[in-house]
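# Architecture at a glance
Residues per chain are reported as follows:
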Amino acid sequence: MSTDREFLTEARADIDAIDAELVKLLAKRVAVVDRVIAIKAEQGIPALLPERVEEVVAHARQEAEANGAPPDLAEILYRALIAWTVEYEERTLGR
């Protein structure tokens with residue numbers, strides 16, 4: 001039988017493994033954003049597209065709810081992720 005301390009150690013290891021996967025997914029997302037930046041630069045599209053922001057946030061909330069995660073947490077995280085992405089795009093586009 002595991003002790004509370006052993007359980008905590010195992011749980012923390014699980015969280016660390018999940019965090020590593022999240023970071024890998026973030027790297028993949030940024031690689032796609034880099035492709036988007038190239039298209040936006042060619043076509044003169046602004047970094048911030050408010051309707052797209054709301055679409056992504058709504059989708060994140062739906063996915064969270066469907067998978068048993070708190071939709072409010074998904075929204076908070078995605079709004080922060082999108083804000084960083086827009087700033088990154090603006091810096092890269094030189095705007």
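Further up the page is the structure itself.
The following refers to the structure shown. (Residues numbered from 1 in each chain as written. Predicted model: local features only at pLDDT ≥ 70, side-chain atom pairs only at ≥ 80, totals over all residues. Heavy atoms only, no water.)

What follows concerns the packing of helix α1 (residues 4-43) against helix α3 (residues 71-93). Following both chains from N to C, one finds α1 and α3 inclined at 45 degrees, their axes separated by 10 Å at the closest point. In terms of their interaxial angle, α1 and α3 are classed as oblique. Our pair here, α1 against α3, has a crossing hand that is right-handed. Residues Leu26, Arg29, Val30, Val33, Asp34, Val36, Ile37, Lys40 and Ala41 of α1 lie in contact with α3, whose contacting residues are Leu81, Trp84, Thr85, Tyr88, Glu89, Thr92 and Leu93. When grouped by side-chain class, the residues that make up the contact of α1 with α3 number ten nonpolar, two polar and four charged. (Axes fitted to C-alpha atoms, helices over the stretch in contact; angles between N-to-C directions. Helix = DSSP H or I, 4+ residues; strand = E, 2+ residues; numbered from the N terminus. Parallel < 35°, antiparallel > 145°, perpendicular 65-115°, else oblique. Left-handed = near helix turned anticlockwise from the far one by under 90°. Contact = heavy atoms within 4.5 Å. Nonpolar A, V, L, I, M, F, W, Y, C, P; charged D, E, K, R; others polar.)

For helix α2 (residues 50-66), which comprises 17 residues, the first-to-last C-alpha distance of 24 Å matches the rise-based estimate of 24 Å (1.5 Å per residue) to within 8%. Restricting attention to buried positions, one finds in α2 the residues Val53, Val56, Val57, Ala60 and Ala64. On an axial view of α2, the arc spanned by its buried residues comes to 95 degrees, and they lie on one face. More than 90 degrees from the buried face of α2, the exposed residues found are Glu51, Gln62, Glu65 and Ala66. Phi for glycine 68, located one or two positions after α2, is positive at around 80 degrees. (Expected span 1.5 Å × (residues − 1). Buried < 20%, exposed > 50% of the residue type's maximum accessible area, 1.4 Å probe, protein only. Arc of directions from axis to C-beta.)

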